[in-house]
Amino acid sequence: RRSKTESTSKQGGTVDKETMQGMAQGLNVPAAASTAFPMASGTPPIVLASPSWFGLADASQQTTPSTCSAVPIGLYAFSLTVLMEVIDLYQKLAGGVDESFVLTWGPYAFWISGFLQVLVGIMEWTRNNIYGATAFLAFGCFWLANGTKIILKNYFPGEIAQDVLEDDDPVGNFLRNLHILGFVCVLFKATLTMNRLSTTLISLLIVLLIFTSVALWDETLEWIQAISGTVVSLFAFYVFTAEFLNEVYHDELMPLYPWSTESPKEAFGAAGRSTKLVSAKATATAASEQATATAAMVVALRNAHAVGGTKAPASNNKDNSSNTSPSVHQLRGVQPVSEK
């Protein structure tokens, strides 16, 4: 199209490329924000500015994140979280783990399981990764709460009533984990547009949450919870390894097994519908204004070419009022065909 436009301009012989460039430079229209419309033979092309120059959003443009993915460290934090929870459970059921472990478990639950996952969620939010932001922000806040409870229980037992410390509250545990289970089922549904590794990980997490919800009613269920947690932790570490190495080497060293060719390349990645919250009415209004402005400019340029003369002012002449070429208001949006 570019080649055809340039040849049409030369055939016309009335307004050459240099003249069009001079008029556009006087209007300060960015070279990258223009669209060329070839005219009939003997007539120079009309080159209009894109909607973005007029402040209108272009829905066809896809944004590319300017920062690296924080998903790998989030997956590692999740893997470590589940593993330390399982170790604490093994210590309760069979012993073999020093009781001082709980002194480490509390701060890890707060900082690694909670704070780090919240930080990852915020970073993924800035990258328009709606799935990663939702998952990590939610689980990070869950573990900030759990970590606070563990720290208070182990570091400040005197501040809490003894009967509260000794009560496991199976009903409250069931209701809390049941609600989290519903949230994770929604995450599972979203993974069906991503990849099989994420789907498998969330499926294992669902199984773990089911047994976690009812584990306080029977010791056997607690053993099943511990085994399920071990599997989830190991598989989460595998997904972390795959995601991290694929990002570092810019290649799929470890396959994620996407569900389709349109699936995101990231393990825990799914873009939101838009980087800006715009109503449908505003979008329709902007499109209508764009079409009206484009039509008006085409008519103005045709009239200007027919009446205003054959030569436009030089590119260095900032005073356009004394020339026979179209006025600045008539030519707003004009941009010459690029030299390239």
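J.: Could you give me a rundown of the overall build of the protein, with the residues and numbers involved?
T.: Regarding its fold elements, the protein presents 10 helices and two strands. Of the regular secondary structure in the protein, the N- to C-terminal order runs α-α-β-β-α-α-α-α-α-α-α-α. Relative to its 340 residues, the protein shows a buried fraction of 38%. Carbon and sulfur atoms form 61% of the exposed surface of the protein, whose accessible area is close to 19,600 Å².

J.: Tell me about the packing of aromatic side chains, and name the residues and values.
T.: Ring pairs (aromatic) are described by centroid distance and by the angle formed between their planes. Counted under the stated rule, the structure contains 16 aromatic pairs. When the ring of tryptophan 111 is compared with that of phenylalanine 115, the centres are 5.5 Å apart and the planes differ by 70°; the resulting orientation is edge-to-face. Residue tryptophan 111 and its partner phenylalanine 115 are both found in helix H4 (residues 101-126); the two are separated by four residues, about one turn of the helix. On the basis of relative accessibility, which here comes to 42%, the residue phenylalanine 115 falls in the partly exposed class. On the numbers, 6.1 Å between centres and 35° between planes, the contact of phenylalanine 235 with tyrosine 238 is tilted. Placement of the pair is phenylalanine 235 and tyrosine 238 together in helix H9 (residues 219-249), with a separation of three residues, close to one helical turn. Relative accessible area serves as the criterion here: at 33%, tyrosine 238 is assigned to the partly exposed category. Taken together, the aromatic side chains of Tyr76, Phe237, Phe240 and Phe244 make up a single cluster linked through ring pairs. Directly above the aromatic system of tryptophan 259 lies the positively charged group of arginine 196, at a separation of 4.2 Å from the ring centroid.

J.: Which residues make up the packing of helix H3 (residues 71-93) against H9, and what are the values?
T.: One way to put it is that H3 packs onto H9 with a least axis distance of 8 Å and a crossing angle of 155°. The angle between the axes of H3 and H9 places the two elements in the roughly antiparallel class. Judged by the sense of rotation from one axis to the other, the crossing of H3 with H9 is left-handed. When grouped by side-chain class, the residues that make up the contact of H3 with H9 number 20 nonpolar, five polar and five charged.

J.: If you had to explain unusual backbone geometry to someone new, which residues and values would you point to?
T.: Unusually for a residue other than glycine, histidine 250 sits at a positive phi of about 55°. Secondary-structure assignment places histidine 250 in the loop between H9 and helix H10 (280-307). On the basis of relative accessible area, histidine 250 is assigned to the exposed category, the value being 72%. Not every positive phi belongs to a glycine, and tyrosine 257 is a case in point at roughly 55°. For tyrosine 257, the position within the fold is in the loop between H9 and H10.

J.: Can you tell me about the pattern of salt bridges, naming the residues and giving the values?
T.: Counted by the stated rule, this structure contains three salt bridges. As a salt-bridge pair, glutamate 222 and lysine 92 come within 2.9 Å of each other at their nearest N and O atoms. You can see glutamate 222 sitting in helix H9 and its partner lysine 92 sitting in helix H3, a full 130 residues away along the chain. Residue class for lysine 92 comes out partly exposed when judged on its relative accessible area of 48%. For the salt bridge of arginine 127 with glutamate 266, the shortest nitrogen-to-oxygen distance reads 2.8 Å.

J.: Any details on the environment of proline 72? Residues and values, ideally.
T.: With respect to the helices and strands, the residue proline 72 is situated in helix H3. In this structure, the C-alpha to C-alpha distance between proline 72 and phenylalanine 268, residues 196 residues apart in sequence, is 8.9 Å. When near neighbours in sequence (up to four residues on either side) are disregarded, proline 72 contacts Phe240, Glu243 and Phe244.

J.: I'd love a proper account of H9, names of residues and values included.
T.: Along an α-helix, residues three or four positions apart point the same way, because every turn accommodates 3.6 residues. Taking 1.5 Å of rise per residue, the 31 residues of H9 would be expected to cover 45 Å, and the 45 Å separating its terminal C-alpha atoms lies within 8% of that figure. The residue sitting at the N-terminus of H9 and contributing the capping side-chain oxygen is aspartate 218; that oxygen lies 2.8 Å from the backbone nitrogen of threonine 220. Directly beyond the C-terminal end of H9, a positive phi value near 55° is found at histidine 250.

J.: Can you lay out a nonpolar patch on the surface for me, pointing to particular residues and giving the numbers?
T.: On the surface, Leu103, Leu152, Tyr155 and Phe156 cluster together into a nonpolar patch covering about 370 Å² of accessible area. Along the chain, tyrosine 155 falls in helix H5 (residues 130-155).

J.: Would you mind going over the packing of H3 against H4 in detail, with residue names and values included?
T.: Running from N to C, H3 and H4 cross one another at 155°; their axes reach a closest spacing of 9 Å. When the axes of H3 and H4 are compared, the pair comes out roughly antiparallel. For the pair H3 and H4, the crossing hand works out as left-handed. Along the contact surface, H3 presents Val71, Ile73, Gly74, Ala77, Phe78, Leu80, Thr81, Met84, Glu85, Ile87 and Asp88, while H4 presents Phe101, Val102, Thr104, Trp105, Tyr108, Ile112, Ser113, Leu116, Gln117, Val120 and Glu124. Classifying every residue of the contact of H3 with H4 gives 14 nonpolar, five polar and three charged.

J.: Give me the lowdown on the side chain of serine 113, citing residues and values where you can.
T.: Residue placement: serine 113 occurs in helix H4. Residue classification places serine 113 among the buried positions, given a relative accessible area of 2%. Setting aside residues up to four positions removed in sequence, serine 113 forms contacts with Thr81, Tyr108, Phe139, Gly140 and Trp143.

Quick notes on the rules
Residues numbered from 1 in each chain as written. Predicted model: local features only at pLDDT ≥ 70, side-chain atom pairs only at ≥ 80, totals over all residues. Heavy atoms only, no water. Helix = DSSP H or I, 4+ residues; strand = E, 2+ residues; numbered from the N terminus. Buried < 20%, exposed > 50% of the residue type's maximum accessible area, 1.4 Å probe, protein only. Areas by Shrake-Rupley, 256 points an atom, 1.4 Å probe, with all protein chains shown as cover. Phe/Tyr/Trp six-rings, centres within 6.5 Å; stacked < 30°, edge-to-face > 60°. Lys NZ or Arg CZ within 6 Å of the ring centre and 35° of its normal. Axes fitted to C-alpha atoms, helices over the stretch in contact; angles between N-to-C directions. Parallel < 35°, antiparallel > 145°, perpendicular 65-115°, else oblique. Left-handed = near helix turned anticlockwise from the far one by under 90°. Nonpolar A, V, L, I, M, F, W, Y, C, P; charged D, E, K, R; others polar. Salt bridge = Lys/Arg side-chain N within 4 Å of Asp/Glu carboxyl O. Contact = heavy atoms within 4.5 Å. Expected span 1.5 Å × (residues − 1). Polar contact = N/O pair within 3.5 Å; in protein donor to acceptor, adjacent residues only side chain to side chain. Patch = residues over 30% accessible without salt bridge, like charges linked within 9 Å, V, L, I, M, F, W, Y side chains within 5 Å.

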